[in-house]
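Here are the chains, one letter per residue:
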Amino acid sequence: RPLITDLSEGNIFVIILSLFAAIAEVLHYYIDNIAREAFLTTSRKYSSVVNQGLLVDYHAHLANPATVDIILSRELSGAGSGAKINIPKGLVFTDILGNNWENTQDFKWDNNSSNCILSLVQHELYTQSSLNDTIYLGGSIVLDNNLGENMIEHKGVQLTLGTEVWNQVDTFAYSKPTDKHFMVTIDDTDTPTIVFGDGKFGKIPEPSQKIKVYFYITKGEKGNIVSNSITNVPSTILDLVPTATCNNPHSAGDGKDYEDIELLRSHIAIQARTMGILVTRKDVVDCIKLIPGVKDAKLEEIDNRKLNVYVSPSTGDTVVSSALLFKISTTLQDKNMLANRINVYPAGVSKIHLSLDITGKPSYKNSQIYNDVLMALYEAYSGGKSKIGGNIRISDIYALLDNLPSVDYLYIKKFFVSPWPKIIKGNSQLDLVLNDVEKATGVMTYILTIGSNNTFNLRSTSGNFFTENQRISNNILIEDTKN
């Protein structure tokens with residue numbers, strides 16, 4: 001016979017059972033939350049992901065400065081054309097937004113050379129930290145977090161305690177108890193912090209010493225300027241070459257803010273797989289993706305010995321700068337345990353031209369159909385979404401667009417990739433606007449020279465075809481009968 005026959009809400013036994021059920025429900029709610037935060041893929045709190053990174057010796061990174069290549073040009077006739085110019089490391093250029101860009105290395109611009117390429121980084125040294133001349137009390141040091149639009153760059157922090165100079169490292173795994181090493185990271189409250197060793201891996205600093213700290217500040221992702229943004233030549237160069245001009249033909253794309261939770265989650269998983277060492281072919285791509293500013297990498301193996309890696313920046317449809325390529329090459333050289341030589345190249349951007357006839361469904365406006373098609377193509381094939389070396393099939397385009405709710409049927413009229421002009425002289429990237437192109441029966445390379453009086457010259461690299469002093473206009477027909 002049941003012990004409780006009265007199941008109404010007023011029965012004291014039902015009230016007690018409901019109370020215990022509520023307590024169990026709350027306890028299981030907290031248990032579920034704790035279990036969720038214990039796994040990398042399900043964690044929701046930034047602090048949980050940071051702490052899981054510490055288990056595999058991965059520490060959250062601060063901001064990464066944007067880098068970009070600029071081209072300096074000069075006329076080889078007139079004043080200063082034959083001058084040999086030493087361009088020092090640290091020379092500051094300014095973009096149209098007022099951001100400072102520093103030259104990354106010393107460079108000699110030889111005489112009788114019309115062009116030179118410089119690699120710039122968007123940062124500047126900050127020496128006015130509120131920590132300067134304060135007393136170190138022990139433990140970690142919290143860095144300045146009120147810098148306006150600027151952020152602290154991950155590399156380049158300079159620390160002095162008393163009279164001792166301390167060195168920044170990426171890990172304490174190789175530090176001895178006497179090594180004056182420190183790391184820069186973000187703590188579980190998203191605050192930039194200097195941390196020291198534990199006395200076994202890295203020295204513990206003595207308290208009661210004066211702090212002196214300098215670091216570089218950068219705009220992070222806001223430093224990813226578009227092309228044609230750096231056009232002001234510093235006066236130190238103009239004094240020697242009055243005709244000098246400069247420009248960045250491509251956008252910057254590797255500037256990053258402090259590491260967010262999703263990027264941190266991805267990097268921790270890679271660190272757990274590789275531990276920062278290249279043992280397999282896949283480790284090469286994974287270690288490159290750990291480098292701040294890199295979005296994707298693609299490995300090409302040649303004759304089972306030589307490895308070529310193609311890299312794209314983290315944001316934007318742009319080209320990897322020389323500074324980022326050098327950083328990647330240096331990192332691979334330090335971590336490579338393979339018997340292969342690894343070369344690093346920038347991944348190019350292919351411009352695809354697509355001509356369509358689309359018939360939409362009667363209930364949709366033309367403007368909505370047009371926007372739906374553009375957004376679908378952008379999500380599938382834009383530089384920020386697609387992979388390096390990915391395939392684009394006409395059948396996939398049909399399937400993608402034909403399944404849109406606003407599209408009834410479509411017909412692809414033309415589908416081709418436009419050529420990529422390479423700058424030989426000058427500092428502006430030529431953007432070919434090709435609306436109507438027919439398939440050619442052969443292949444030929446042409447050199448195009450733009451004159452200052454709205455004219456151009458064109459010649460082929462073989463076959464002795466050339467045409468001179470042609471006027472630039474909207475519609476130009478050139479017949480190369482020799483080729």
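What this report covers is the structure whose coordinates are included nearby. (Residues numbered from 1 in each chain as written. Predicted model: local features only at pLDDT ≥ 70, side-chain atom pairs only at ≥ 80, totals over all residues. Heavy atoms only, no water.)

Helix and strand counts for the protein chain stand at eight helices and 23 strands. On the principal axes, the C-alpha backbone points of the protein chain span a range of 105 × 75 × 45 Å. With 483 residues in all, the protein chain has 38% of them scored as buried. Counted over contacts in the protein chain with a minimum sequence separation of 6, partners at least 24 positions apart contribute 62%. Accessible area of the protein chain: about 28300 Å², with a carbon and sulfur share of 54%. Computing the positive centroid from 44 side-chain charges and the negative centroid from 52, the protein chain places the two 5 Å apart. (Helix = DSSP H or I, 4+ residues; strand = E, 2+ residues; numbered from the N terminus. Buried < 20%, exposed > 50% of the residue type's maximum accessible area, 1.4 Å probe, protein only. Contact = heavy atoms within 4.5 Å. Areas by Shrake-Rupley, 256 points an atom, 1.4 Å probe, with all protein chains shown as cover. Lys, Arg positive; Asp, Glu negative; His and termini not counted. Charge placed at Lys NZ, Arg CZ, Asp CG, Glu CD.)

This part is about helix H2 (residues 46-55). The element H2 is largely enclosed, with a buried count of seven among its ten residues. Those residues of H2 lying buried are Tyr46, Ser47, Ser48, Val49, Val50, Gln52 and Gly53. Contact partners of the buried residues in H2: helix H1 (12-37), strand S12 (181-186) and helix H4 (261-274). With its phi angle positive at about 60°, Asp57 sits one or two positions after the end of H2.

Another point: the sheet that holds strand S16 (residues 294-302). In spatial order, the strands read S16-S17-S18; together these three strands make up an open sheet with mixed pairing. Among the strands making up the open sheet, the edge pair consists of S16 and strand S18 (341-346). Shown here is a sheet whose adjacent strand axes are inclined to one another by a mean of 25°, direction ignored. Bridge count between S16 and strand S17 (residues 306-313): eight bridges; the pairing is antiparallel. From the neighbouring strand, Leu299 faces S17, where its bridge partner is Val309. Helix-sheet contacts for helix H5 (residues 281-289) involve S16, S17 and S18, and the interaxial angle to S16 is about 155°. Against the sheet, helix H6 (residues 322-335) touches S16, S17 and S18, its axis set at about 160° to S18. (Pairing = 2+ DSSP bridges. Axes fitted to C-alpha atoms, helices over the stretch in contact; angles between N-to-C directions.)

Here the focus is the nonpolar core. Counting residues in each nonpolar core, the largest one holds 35 residues, and the members touching the most others are Leu159, Phe182, Ile194, Phe196, Ile211, Val213 and Leu264. Those elements that provide at least two residues to this core are H2, strand S9 (151-152), strand S10 (158-161), S12, strand S13 (192-196), strand S14 (211-218) and H4. The contact partners of Phe182, leaving out residues within four places of it in the chain, are Val157, Leu159, Trp166, Asn167, Gln168, Val169, Phe172, Ile194, Val195 and Phe196. (Core = buried A, V, L, I, M, F, W, Y, C linked by side-chain atoms within 4.5 Å.)

Turning our attention to the side chain of Thr171. Topologically, Thr171 is positioned in the loop between strand S11 (164-168) and S12. On the accessibility criterion, Thr171 (17% relative accessible area) is buried. Reaching out from Thr171, the side chain makes a polar contact with the side chain of Asp57 at a distance of 2.4 Å. Contact partners of Thr171, with chain neighbours within four places excluded, come to Asp57 and Met183. (Polar contact = N/O pair within 3.5 Å; in protein donor to acceptor, adjacent residues only side chain to side chain.)

All right, on to the environment of Ile423 then. Mapped onto the elements of the fold, Ile423 is located in the loop between strand S20 (407-417) and strand S21 (446-450). In this structure Ile423 comes out as partly exposed when scored by relative accessible area, which is 23%. For the pair Ile423 and Pro249, spaced 174 residues apart in sequence, the C-alpha separation works out to 9.1 Å.

As a further point, take a nonpolar patch on the surface. The grouping of Ile12, Phe13, Ile15, Ile16, Leu19, Phe20, Ile23, Leu27 and Ile31 at the surface amounts to a nonpolar patch, some 890 Å² of accessible area in total. Examined against the element boundaries, Ile31 turns out to sit in helix H1. Residue Ile31 is classed as partly exposed on the basis of its relative accessible area, which comes to 48%. (Patch = residues over 30% accessible without salt bridge, like charges linked within 9 Å, V, L, I, M, F, W, Y side chains within 5 Å. Salt bridge = Lys/Arg side-chain N within 4 Å of Asp/Glu carboxyl O.)

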